[in-house]
Amino acid sequence: MYFTGIDVGSTFSKSVICDEYGEVLGRGMLRTGADFKERAVQVLEAAKADANYPEGAPIRIIATGYGRNNIDFADGVMTEIACQAKGVFHSIPEAQTIVDIGGQDTKIVFVGSNGLVERFIVNRKCAAGTGAFLEEIARRLDKELSELAQLAQNGKGDRALSSYCTVFASSEVLDLLRRGVDIHDLARSMFLSVVARVMELATFGDKITLTGGVVANNPIVADLIREKVKGKVTVPDYAQFTAALGAAIIAKEQFQKQAKDQSAT
Ligand code: ADP
């Protein structure tokens with residue numbers, strides 16, 4: 001029996017396949033694009049190939065993420081908050097604050113020592129403090145985002161960009177560049193802006209786990225957060241896949257509970 005979580009995010013779709021013990025067998029990831037369902041099918045195929053899934057074997061699917069309600073072939077849907085908590089707690093079983101920086105939103109999830117969600121905050125109002133902010137600036141600078149993250153590692157200073165709004169921030173970056181400001185320092189300011197917006201959302205507590213594509217692909221973000229908080233900051237392996245992993249674990253737990261309930265009757 002195979003269990004899969006498909007996280008159809010606003011920017012990237014991720015899939016994780018695990019076995020009946022919760023061991024990860026394979027993963028897939030693709031940019032989401034316009035068609036949620038098509039991308040979910042493709043990302044599942046990618047994870048199946050990675051897992052050496054034998055065609056026709058029984059598989060249970062839980063969908064999560066922004067496009068989850070379009071995945072009509074799934075056996076169920078779950079919120080990203082529940083899946084993040086489940087996926088992170090699976091590898092870090094302690095009370096913690098999960099800070100998930102995604103493509104178009106940021107979520108802060110407070111998890112208790114029992115793994116249950118105590119409360120959460122979602123910022124969906126604007127792109128500041130999300131991957132979209134970084135992607136837009138990289139696009140305006142005609143650079144890969146990963147290149148900017150590399151440049152930022154050698155930047156100096158502790159000042160975020162002065163513009164809050166993404167459109168103004170990318171104009172500000174171009175303007176500063178034309179005025180001779182060092183690109184390393186500018187790149188650092190751009191990442192500092194994201195960190196500042198994220199940290200405005202809540203007080204994080206003393207055990208912080210960072211997830212999502214921004215942190216997974218740009219190590220500077222975790223470094224900057226570490227400089228600003230007192231608590232321990234952890235980035236799990238495959239930090240962009242934690243919600244998909246949580247969905248796969250939920251698929252497994254639901255199936256096992258049903259099997260147990262049936263054998264009891
Ligand atoms: P969502 O679940 O909302 O779709 P993700 O957690 O997958 O978002 O994160 C998407 C963000 O991750 C992008 O907006 C981008 O900022 C960042 N990202 C993804 N891939 C890369 C990469 N290869 N290099 C740099 N940043 C990346």
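Residues numbered from 1 in each chain as written. Predicted model: local features only at pLDDT ≥ 70, side-chain atom pairs only at ≥ 80, totals over all residues. Heavy atoms only, no water.

(A) Broad picture of the layout of surface pockets. Empty space within the largest pocket amounts to approximately 620 Å³. Around the largest pocket, the lining is made up of 33 residues, and of these T11, F12, G103, G213 and Q240 lie nearest the centre. Contributing elements (two or more residues each) for the lining of the largest pocket: β2 (12-18), β3 (24-31), α2 (80-91), β6 (96-101), α3 (131-140), α4 (145-153) and α7 (213-217). Per element, the largest residue contribution to the lining of the largest pocket is four residues, and it comes from α3. Considering only residue class, the lining of the largest pocket consists of eight nonpolar, 14 polar and 11 charged. Split by domain, the lining of the largest pocket shows at least three residues from each of two domains, domain 1 (1-92 + 239-265) and domain 2 (94-235). The space that makes up the second largest pocket amounts to roughly 200 Å³. The wall of the second largest pocket is formed by V16, V24, R27, G87, S91, I92, P236, D237, Y238, F241, T242 and L245. (1 Å grid on protein atoms, 1.4 Å probe; cavity = no way out; pocket = protein on both sides within 12 Å on 5 of 7 lines; lining within 4 Å. Points joined across faces, edges and corners; volume = space filled by probe spheres on them. Helix = DSSP H or I, 4+ residues; strand = E, 2+ residues; numbered from the N terminus. Nonpolar A, V, L, I, M, F, W, Y, C, P; charged D, E, K, R; others polar. Domains from an automatic or database assignment.)

(B) The arrangement of the sheet that holds β2 in detail. With mixed pairing, the five strands of this open sheet are ordered in space as β3-β2-β1-β4-β5. Lying at the two open borders of the sheet, with one neighbouring strand each, are β3 and β5 (76-77). Where strand β1 (residues 2-8) lies against β2, six bridges are found, and the strand directions are antiparallel. Bridge assignment links I6 to a residue of β2, and that residue is S15. Sheet contacts for helix α9 (residues 242-264): β1, β2, β3 and β4 (59-64); angle to β1, the most-contacted strand, approximately 140 degrees. (Pairing = 2+ DSSP bridges. Contact = heavy atoms within 4.5 Å. Axes fitted to C-alpha atoms, helices over the stretch in contact; angles between N-to-C directions.)

(C) Looking closely at unusual backbone geometry. At D142, a residue that is not glycine, the phi angle is positive and equals roughly 60 degrees. Among the structural elements, D142 can be located in the loop between α3 and α4. Although it is not a glycine, Y238 sits at a positive phi angle of roughly 55 degrees. Inspection of the secondary structure puts Y238 in the loop between β10 (232-234) and α9.

(D) Inspection of the pairing of strand β7 (residues 106-111) at higher detail. Taking burial as the measure, the six residues of β7 include six buried ones, the bulk of the element. Burial of the side chains of β7 extends over both faces: T106, I108 and F110 are buried on one face and K107, V109 and V111 on the other. Across six bridges, the pairing between β6 and β7 is antiparallel. Paired with V99 across the two strands is I108, which belongs to β7. Connecting the antiparallel pair β6 and β7 is a turn made up of four residues. Inspection of the sheet shows β7 paired to strand β8 (residues 117-123) by six bridges, in the antiparallel sense. Within β8, the position partnered with T106 by the bridge is N123. (Buried < 20%, exposed > 50% of the residue type's maximum accessible area, 1.4 Å probe, protein only.)

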